[in-house]
Amino acid sequence: MNRAAFLDRDGVINYDSNYVYKTDNFHFMPGIFELCEELQKRRYLIIVITNQAGIARGYYTENDFHALTRWMNLQFLKRGIQITDVYFCPHHPEFGLNEYKKECNCRKPNPGMILKASNDHAIDLSKSLIIGDKMSDIIAGIRADVGTRILYCPDSKQVNRDDQIENKYHVIENFREVGDLIVE
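Residues numbered from 1 in each chain as written. Predicted model: local features only at pLDDT ≥ 70, side-chain atom pairs only at ≥ 80, totals over all residues. Heavy atoms only, no water.

> I'd like a description of the environment of Gln82, backed by residues and values.
As for its placement among the helices and strands, Gln82 is situated in the loop between α3 (62-77) and β3 (85-89). Separated by 35 residues in sequence, Gln82 and Ile47 place their C-alpha atoms 9.4 Å apart. Setting aside its immediate chain neighbours within four residues, Gln82 contacts Gln40, Ile46 and Leu77. (Helix = DSSP H or I, 4+ residues; strand = E, 2+ residues; numbered from the N terminus. Contact = heavy atoms within 4.5 Å.)

> Just give me the short version of the environment of Leu181, but keep the residues and values in it.
Structurally, Leu181 can be placed in the segment after β6 (170-172). In this structure the C-alpha to C-alpha distance between Leu181 and Leu129, which are 52 residues apart in sequence, comes to 9.3 Å. Each residue touching Leu181, except ones within four places of it in the same chain, is listed here: Thr148, Ile150, His170 and Ile172.

> Which residues make up the packing of aromatic side chains, and what are the values?
Within this structure, the stated rule accounts for ten aromatic pairs. With 4.7 Å between their ring centres and 80 degrees between their planes, Tyr19 and Tyr59 make a pair best called edge-to-face. Taken as a pair, Tyr19 in the loop between β1 (3-7) and α1 (32-41) and Tyr59 in the loop between α2 (53-56) and α3 lie far apart in primary sequence, 40 residues in all. Note on Tyr19: relative accessible area 31%, which makes it partly exposed. With relative accessibility at 44%, the residue Tyr59 sits in the partly exposed group. Seen in terms of ring centroids, Tyr21 and Tyr60 are 4.9 Å apart; in terms of plane orientation they differ by 15 degrees. Their pairing is stacked. Of this pair, Tyr21 sits in the loop between β1 and α1 while Tyr60 sits in the loop between α2 and α3, and the two are 39 residues apart along the sequence. Of the residues examined, Tyr60 reaches a relative accessible area of 4% and is grouped as buried. Within the aromatic cluster, the residues linked to one another by ring pairs are Phe26, Phe28, Phe33, Trp71 and Phe76. Over the aromatic face of Phe33 sits the side chain of Arg79, whose NZ or CZ is 3.9 Å from the ring centroid. (Phe/Tyr/Trp six-rings, centres within 6.5 Å; stacked < 30°, edge-to-face > 60°. Buried < 20%, exposed > 50% of the residue type's maximum accessible area, 1.4 Å probe, protein only. Lys NZ or Arg CZ within 6 Å of the ring centre and 35° of its normal.)

> Go over the sheet that holds β6 with me, naming the residues and quoting the values.
The six strands are arranged β3-β2-β1-β4-β5-β6 in an open sheet whose pairing can be described as parallel. Sheet topology places β3 and β6 at the edges, where each strand pairs with a single neighbour. For this sheet the average axis-to-axis angle between neighbouring strands, irrespective of direction, equals 20 degrees. As paired strands, β1 and strand β4 (residues 129-132) are joined by three bridges and run parallel to one another. Looking across to β4, one finds that Ala5 is bridged to Leu129. (Pairing = 2+ DSSP bridges. Axes fitted to C-alpha atoms, helices over the stretch in contact; angles between N-to-C directions.)

> Residues and numbers for the nonpolar core, please.
Ranked by size, the top nonpolar core spans 36 residues in total, and within it Ile13, Ile32, Phe76, Ile131 and Phe175 carry the most contacts. The set of elements that each furnish at least two residues to this core consists of β1, α1, β2 (44-51), α2, α3, β3, β4 and β5 (148-152). Examining the composition of this core, we find that five residues originate from one element, α1, more than from any other. One finds Ala4, Phe6, Cys89 and Val146 within the second-largest nonpolar core, a separate group that totals 17 residues. (Core = buried A, V, L, I, M, F, W, Y, C linked by side-chain atoms within 4.5 Å.)

Below is the structure:
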């Protein structure tokens, strides 16, 4: 069985500047390439899981998303980093248009994307980790029984520490801290 690092896209891989779908607006977070290099050295599959409500709202298309994803993957490949797979949810239960307006199991905090990736890539979720910038990422990790759950929060003073202990997740301010949380 494999182990994976599940990474949220907007807010972890790139700055979340609201409905990013063009390369001009896609700016990588500091340290993301170094983090992924380290994860790859430690034999983690790198899998992106991302809610894409902009598709549901009609701000951009699935084709726009796929074009940006190909470009993003190429930026990682240029640095010797292989993104194993990218899973996305184009739905929104309240603001979606047409077929995109629905409740689904793939939209975080639901675990659908993680569970599908686990099935597709023979992943041992208990030995895997998830890094997200929102509690919906953490909750999805909890619901999927991902072993290590990490909230990336450059200003961690805003995080409720009691909630952190109760929900068994870690808060980091920069990606260099992830190495200390990886269990070999």
